[in-house]
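Chains, contacts and geometry: an overview
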Amino acid sequence: ELAEIGLIGLGVMGSNLALNIAEKGSRIAVYNRTPSRTREFVGEAGALGANIVSCETIEAFVVAIRPPRPIIIMIKAGEAVDQQIDALKPLLAGGDIIIDAGNANFRDTIARFDRLKDSGLTFIGMGVSGGEEGARHGPSIMVGGTQQSYARVEKVLTSIAARYDGEPCCAWLGTGGAGHFVKTIHNGIEYADMQMIAEIYGILRDGLGKSAREIGWIFGQWNKGRLNSYLIEITETVLATTDPQTGKPMVDMILDRAGQKGTGKWSAIEAQQMGVPATAIEAAVAARSLSSMKAEREAAEVIFGTPSYAFSLKDGEALLKDLELALFAAKIGAYAQGFAVMAQASREFGWELPMPTIARIWRAGCIIRSQFLDEITRAFTETPDVANLIVTSAFSAMVAESLPSLRRITAAAVTAGIPVPALASALSYFDAYRQARGTANLIQAQRDFFGAHGFDRTDGLDIHHGPWGSAG
Ligand code: NDP
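Residues numbered from 1 in each chain as written. Predicted model: local features only at pLDDT ≥ 70, side-chain atom pairs only at ≥ 80, totals over all residues.

Put simply, the test is: UniProt positions are given in the numbering used here, feature names are shortened, and annotations may be inferred rather than shown by experiment.
Within an unreviewed UniProt entry, the label attached to the protein reads 6-phosphogluconate dehydrogenase, decarboxylating, and the organism entered is Ciceribacter naphthalenivorans. The annotation that UniProt attaches to the protein under Function (unreviewed entry) is "Catalyzes the oxidative decarboxylation of 6-phosphogluconate to ribulose 5-phosphate and CO(2), with concomitant reduction of NADP to NADPH." As stated in UniProt under Subunit (unreviewed entry), the record for the protein gives "Homodimer."

1. Details of the overall build of the protein
Keep this limit in mind: Helix and strand labels come from DSSP, where a helix needs a run of H or I of at least four residues and a strand needs a run of E of at least two; each type is numbered from the N terminus. A radius of gyration in this sense is built from C-alpha atoms; the matching globule rule multiplies 2.2 Å by the number of residues raised to 0.38. Distance between backbone-placed C-beta atoms decides contact: two residues are in contact if it is within 7 Å.
Broken down by element type, the protein carries 19 helices and 10 strands. Rg of the C-alpha trace for the protein: 25 Å, near the compact-globule value of 23 Å for 472 residues, within the 12% margin. Long-range contacts, defined as pairs at least 24 residues apart, comprise 69% of the intrachain contacts of the protein with a sequence gap of at least 6.

2. Digging into the sheet that holds strand 5 (residues 97-100)
Test applied: Any two strands with at least two DSSP-identified bridges between them are counted as paired. Note on definitions: angles span 0 to 180 degrees between N-to-C directions of axes, and those axes are lines fitted to C-alpha atoms, for helices only across the stretch in contact.
Spatial ordering of the open sheet is given by 3-2-1-4-5-6-7-10, a layout of 8 strands whose pairing is mixed. Edge positions in the sheet fall to strand 3 (52-55) and strand 10 (170-174), since each has one partner strand and no second. Across the sheet, the axes of successive neighbouring strands diverge by a mean angle of 25 degrees, strand direction being ignored. Bridge count between strand 1 (residues 5-8) and strand 4 (residues 70-73): 3 bridges; the pairing is parallel.

3. Quick word on the domain arrangement of the protein
Which entries qualify depends on this criterion: All domain edges in this entry derive from an automatic or database-based domain assignment.
Each assigned domain of the protein is listed with its residue range as follows: domain 1 (5-176) and domain 2 (184-433). The centre of domain 1, based on its C-alpha atoms, is set 32 Å off from the matching centre of domain 2. On the side of domain 2, 18 residues touch domain 1, which itself brings 23 residues to the contact. A total of 4 residues in the side of domain 1 that touches domain 2 trace back to one element, the largest contributor, which is strand 10.

4. What about helix 5 (residues 106-116)?
Worth spelling out the cut-off: Exposure classification rests on a simple neighbour count of other C-beta atoms within 10 Å of a residue's own: a residue reaching 20 or more is buried, one at 12 or fewer is exposed, and one in between is partly exposed. C-beta atoms are placed from the backbone. By definition, the arc is the one covered by directions from the helix axis to the C-beta atoms.
Three or more residues of helix 5 are buried, namely Phe106, Thr109, Ile110, Arg112 and Phe113. Taken around the axis of helix 5, the buried residues stretch over an arc of 165 degrees, which confines them to a single face. Against helix 4 (79-88), strand 5, strand 6 (122-129), strand 7 (140-144) and helix 8 (178-207) lie the buried residues of helix 5.

5. A closer look at the nonpolar core
Nonpolar side chains in soluble globular proteins generally cluster together in the buried interior. As a reminder of what qualifies: Throughout this description, the term nonpolar core refers to a group of buried Ala, Val, Leu, Ile, Met, Phe, Trp, Tyr and Cys residues whose C-beta atoms join them within 7 Å.
Residues Ala280, Ile281, Ala330, Ala422 and Leu423 are the most contacted members of the largest nonpolar core, which totals 145 residues. At 18 residues, helix 14 (residues 317-349) tops the list of elements feeding residues into this core. Among the domains, domain 1 (5-176) and domain 2 (184-433) are the pair contributing at least three residues each to this core. With sequence-adjacent residues up to four places away left out, Ala280 is seen in contact with Ala192, Ala330, Gly333, Ala334, Gln337, Ala422, Ser425, Ala426 and Tyr429.

6. Side note on the UniProt feature "binding site: substrate" (unreviewed entry) in the protein
Under the UniProt annotation, the feature "binding site: substrate" (unreviewed entry) is placed at Asn103, Ser129, Gly130, Gly131, His186, Asn187, Tyr191, Lys261, Arg288, Arg447 and His453. Spatially, the listed residues are scattered: they cover 351 residues, and their C-alpha atoms lie as much as 48.8 Å apart. Assignment of secondary structure puts Gly130 in the loop between strand 6 and helix 6 (131-137). With near-sequence residues (within four places) excluded, Gly130 lies in contact with Ala135, Pro139, Ser140, Ala162, Gly365, Cys366 and Ile367. With respect to the helices and strands, Asn187 occurs in helix 8. Overall, Asn187 belongs to the buried group, with 26 C-beta atoms counted inside 10 Å.

7. A closer look at unusual backbone geometry
Among all residues except glycine, the phi angle is most often negative; among peptide bonds, the trans geometry is most common. Geometrically, the link from Pro67 to Pro68 is a cis peptide bond, its omega value of -10 degrees lying close to zero. One non-glycine residue with positive phi stands out, namely Tyr309, at about 55 degrees. Along the chain, the position of Tyr309 falls in the loop between helix 13 (294-304) and helix 14. When the 16 C-beta atoms within 10 Å are taken as the criterion, Tyr309 is described as partly exposed.

8. Considering the packing of helix 17 (residues 393-416) against helix 18 (residues 421-433)
Just so we agree on the cut-off: Oblique is the label for every angle not falling under 35 degrees (roughly parallel), over 145 degrees (roughly antiparallel), or within 65 to 115 degrees (roughly perpendicular). Should the near helix be turned anticlockwise from the far one by less than a right angle, the crossing is left-handed, and should it be turned clockwise, the crossing is right-handed.
Axis separation between helix 17 and helix 18 bottoms out at 10 Å; the angle between their running directions is 130 degrees. Relative to helix 18, the element helix 17 is oriented oblique. Remark: the crossing between helix 17 and helix 18 carries left-handed chirality. Contact residues: Val399, Leu403, Leu406, Arg407, Ile409, Thr410 and Val414 in helix 17; Leu423, Ala424, Ala426, Leu427 and Phe430 in helix 18.

9. A few points about the UniProt feature "active site" (unreviewed entry) in the protein
Those residues carrying the UniProt feature "active site" (unreviewed entry) are Lys183 and Glu190 in this numbering. Among the secondary structure elements, Lys183 is positioned in helix 8. What makes Lys183 buried here is the crowd of 30 C-beta atoms within 10 Å. Mapped onto the elements, Glu190 comes out in helix 8.

10. A word on the packing of helix 8 against helix 11 (residues 263-274)
Applied cut-off: Gly falls in the polar group here, along with every residue not listed as nonpolar (Ala, Val, Leu, Ile, Met, Phe, Trp, Tyr, Cys, Pro) or charged (Asp, Glu, Lys, Arg).
Their axes nearest at 8 Å, the elements helix 8 and helix 11 cross at an angle of 105 degrees. It follows that helix 8 is roughly perpendicular to helix 11 by the angle criterion. Touching Thr184, Ile185, Asn187, Gly188 and Tyr191 of helix 8 are Thr263, Gly264, Trp266, Ser267 and Ala268, all from helix 11. When grouped by side-chain class, the residues that make up the contact of helix 8 with helix 11 number 4 nonpolar, 6 polar and no charged.

11. What to know about the pairing of strand 3
Stated formally: By convention a crossover is right-handed if, when the strands point away from the viewer, the path from the first strand over the helix to the second runs clockwise.
Residues Ile52 and Ser54 of strand 3 are buried on one face, and the alternating residues Val53 and Cys55, pointing to the opposite face, are buried as well. Of the crossover connections in this fold, the one passing from strand 2 (residues 28-31) over helix 2 (residues 35-45) to the parallel strand 3 is right-handed.

12. Let's talk about the pairing of strand 1
Residue alternation in strand 1 divides its side chains into two sets, Ile5 and Leu7 and Gly6 and Ile8, and both sets are buried. In this fold, strand 1 hands off to helix 1 (residues 12-23), which returns the chain to strand 2; that crossover is right-handed.

13. Thoughts on the confidence of the model for the protein
For clarity, the cut-off: Known as pLDDT, the predictor's per-residue confidence is scaled from 0 to 100.
Across the protein, the average pLDDT comes to 97, with 100% of residues at or above 70. In the model output, the complex is listed with pTM 0.96 alongside ipTM 0.98.

14. Side note on the environment of Ala416
With respect to the secondary-structure elements, Ala416 resides in helix 17. By C-beta crowding, Ala416 is classed as partly exposed, having 19 other C-beta atoms within 10 Å. Taking the C-alpha atoms as reference, Ala416 lies 6.9 Å from Pro307; in sequence the two are 109 residues apart. Dropping the residues within four chain positions of it, Ala416 is found in contact with Gly207, Pro307, Ser308, Tyr309, Ala310, Phe311 and Ser312.

Quick look at the structure:
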């Protein structure tokens, strides 16, 4: 019996996706560059092995799949994917679909899509979020490619995706690079969300002197309210975990040096490229970079000393409520920015990205999953073409309620010397976004002064250069 789908790459993500597919009842052919891993995988599959056709050569793999063959590639992103496509190409027939499910840069995906156009093969760039656990039991799946190729794989993909209120978190989002672009912005938002949580943790730890366990309890309380989300939930668990080596809280034994693999940076770059402010995402990426300069930071602390950390707001119920609301307001800013970047990309790349659908498939399965995304789904369903999430009726009310807290908390943190780059940039974003008369009149004057770049006048007069230097 031929397999319904094939999968190449039995690493962390690929093997879990394959088990998920087999479990949902689709027969799947699998192949991995290193055959010993394929054998090991079959050993781990147990009863699900009945739905798995394991292949040790790429030729055997291809003929094991029912044409037109959908083949998921889940390997290291970058050149490895191109090599894999080149190896597959001569073995495939017209209509076959190569699906790159790794974290590709969407510009590479567009190039691969175009390169395969004339070969009769089609290409799908598919963003998968949810880590190992998501891959195994239900990820969020963001698909880019032709609608026709999606129709061939829709059944399998929706069967393995996470569900929110019974609805699968999987959707076709547009042609070419649309799926990988949306996954990239998902990760950018994830960076901002994580950074903001870490900044609040910093205030609780350094400003209020709380232990990891106490902070974990606070996040646990917040997880029952408006911040309810996977990231808050794991933060509670992480903070409550003890290091078996020392008996101390695990987080206290971890070096404060964050890694990054590129998707956050790509989000910031694409936002800049299109001229869309994504300051909270940029701040989060920069914060990870700064975190990695551990030795420089240690040296600088010797020169400048430690800050006072004298947090001016009094500990207690009211402060915890303020911190919760501050985090909530900042989070709205980060998501608003991410969605604004997608809206602009949709116009520039002609994707017609469906905003309500994107919010809908992020409600479960992915790392930023939350009930908050259900509210975003509703806001974009009511007003799909709104300029910015924060001006929808639901979110403008939430911003109005929570912004004073973000302002108080940010101000107190800044005064105490606690770095809050993502919170502060979200706050400044709100303040600048709702300021009808800003300060760029001065920028324009400066630009005209040194470069004769010209300006428009407030009274509409057809005069575009200043009489610089003349005192009138
Ligand atoms: P792993 O490191 O666990 O596995 C890597 C896989 O890639 C292995 O099967 C490996 O085969 C294969 N591979 C590497 N180089 C080549 C090559 N040149 N030719 C053929 N196969 C190759 O990676 P993950 O499963 O974590 O990640 C896979 C993809 O999924 C990446 O793009 C990643 O960014 C993305 N992703 C990962 C997430 C995660 O949480 N880990 C979440 C979402 C996406 P071999 O056994 O022969 O070495």
